[in-house]
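Coordinate analysis (summary)
Take a look at the letters that make up each chain.
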Amino acid sequence: MREAVHEDEDVDKPSELTDLNKWEIFRERLESYMSRLRGAAKCPYTYIFREEADVTPAMHAVAYQDQDATIFQGDWFTIDNQRVYDEFKNLVVNGPGWSFIKTYDRAKDGRNAILALKRQCEGTSAVQTRKSLAYAKISSARYNGQKRGFTFDTYVQIHQSAHNTLAELNEPVPETKKVTGFLAGINDPCLANSKDLVLADATKLNDFEACQQYFKTLIFNKTTQEKLKRQISGVTGKEKEK
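Now for a description of the structure that goes with this document. (Residues numbered from 1 in each chain as written. Predicted model: local features only at pLDDT ≥ 70, side-chain atom pairs only at ≥ 80, totals over all residues. Heavy atoms only, no water.)

What to know about the pattern of salt bridges
Counted under the stated rule, the structure contains 14 salt bridges. Put simply, E122 and R27 hold a salt bridge, and the shortest N to O gap is 2.7 Å. Taken as a pair, E122 in helix 6 (residues 110-122) and R27 in helix 2 (residues 23-35) lie far apart in primary sequence, 95 residues in all. The exposure class assigned to R27 is buried, which follows from its relative accessible area of 14%. Close ionic contact of K118 with E51 constitutes a salt bridge, the shortest N to O distance being 2.8 Å. Of this pair, K118 sits in helix 6 while E51 sits in the loop between helix 2 and helix 3 (57-63), and the two are 67 residues apart along the sequence. (Salt bridge = Lys/Arg side-chain N within 4 Å of Asp/Glu carboxyl O. Helix = DSSP H or I, 4+ residues; strand = E, 2+ residues; numbered from the N terminus. Buried < 20%, exposed > 50% of the residue type's maximum accessible area, 1.4 Å probe, protein only.)

See the structure below:
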């Protein structure tokens, strides 16, 4: 029995949860980590904190080897539940999430600890906060030209991440609104004409991916051309010195 508990794979743990606003990424990494570990029940630890109390036939066929091993009772469940709690506690004990799971510390109840923090981070208030933060990131993002610490890729990532969050919260942004919001934050004078071209192009105006790829290609070509001009200028200058 105990050998089964310790036959885990050597996989990387997620980083500690120090900010509840980063719960979304933390949860995805936690699920990925737990899905690669198997405990006493001989199935991934993710069964411990699934939403459903019982295993449906469909779930059993896809994810589980043994119906009896996945019920929330018995020695296997107790061992796995406590192991999951220990893993989870180590990731949240130094952050704001600890106060929401501390009540489960004595029993080492991993299932209810994770679900309790999930309810806190994914409840109505938390959802509204995440939506507001996503919209704020979109409206405050600015691209003023290529900088060492902030490139066009950084600007694109801010928008894409915010839209992913809103889509997950069942508030997807229409493609045209994505594009107009994206254009609004581009303040580089060199791209002014390109912004007008996108507004006049129905394909790019209605496709955020096509729009940002157009600008990425444009900026790459401009940057390459400018580097080439500087190289030619440098060579010409050296020849004149001779």
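More follows now that the structure is in view.
Section: the packing of helix 4 (residues 74-92) against helix 6
Helix 6 packs onto helix 4 with a crossing angle of 40° between their chain directions and a minimal axis gap of 7 Å. In terms of orientation, helix 4 lies oblique with respect to helix 6. Together, N81, V84, Y85, F88 and V92 of helix 4 and G110, R111, A113, I114 and L117 of helix 6 make up the contact between the two elements. Across the contact of helix 4 with helix 6, the residue classes break down as 7 nonpolar, 2 polar and 1 charged. (Axes fitted to C-alpha atoms, helices over the stretch in contact; angles between N-to-C directions. Parallel < 35°, antiparallel > 145°, perpendicular 65-115°, else oblique. Contact = heavy atoms within 4.5 Å. Nonpolar A, V, L, I, M, F, W, Y, C, P; charged D, E, K, R; others polar.)

Some thoughts on the environment of S132
Among the secondary structure elements, S132 is positioned in helix 7 (residues 124-140). The exposure class assigned to S132 is partly exposed, which follows from its relative accessible area of 48%. Separated by 34 residues in sequence, S132 and L166 have C-alpha atoms that sit 9.5 Å apart.

Regarding the nonpolar core
One finds F26, F88, V92, I101 and L117 to be the most contacted residues of the largest nonpolar core, which totals 25 residues. Residue assignment for this core shows that the elements contributing at least two residues are helix 2, helix 4, helix 5 (98-101) and helix 6. No other element matches the 6 residues that helix 4 contributes to this core. V179, L183, V198 and C211 belong to the second largest nonpolar core, which has 17 residues in total. (Core = buried A, V, L, I, M, F, W, Y, C linked by side-chain atoms within 4.5 Å.)

Let's talk about the packing of aromatic side chains
As enumerated under the stated definition, the model contains 12 aromatic pairs in all. Ring plane angle 40° and centroid distance 6.2 Å describe the contact between Y143 and Y155, whose orientation is recorded as tilted. With Y143 in the loop between helix 7 and helix 8 (152-168) and Y155 in helix 8, this pair connects stretches of sequence that are 12 residues apart. The pair formed by Y143 and Y155 is uniform in burial state, with each residue classed as buried. Ring geometry for F182 and F215: centres 6.4 Å apart, planes at 65°, overall edge-to-face. On the criterion of sequence distance, the pair formed by F182 in helix 9 (residues 175-184) and F215 in helix 12 (residues 208-241) is long-range, its members being 33 residues apart. On the basis of relative accessible area, F182 is assigned to the buried category, the value being 0%. Three or more aromatic residues joined by ring pairs make a cluster, and in this case those are Y143, F152, Y155, F182, F208, Y214 and F215. (Phe/Tyr/Trp six-rings, centres within 6.5 Å; stacked < 30°, edge-to-face > 60°.)

Things to note about unusual backbone geometry
In this structure, K108 is a non-glycine residue whose phi angle is positive, near 50°. Here K108 falls in the partly exposed class, since its relative accessible area comes to 34%. The phi torsion at N170 lies on the positive side, around 60°, for a residue other than glycine. Within the secondary structure, N170 is located in the loop between helix 8 and helix 9. Accessibility expressed as a relative area gives 69% for N170, which makes it exposed.

Honestly, that's just the spatial picture; any functional story needs more than this.
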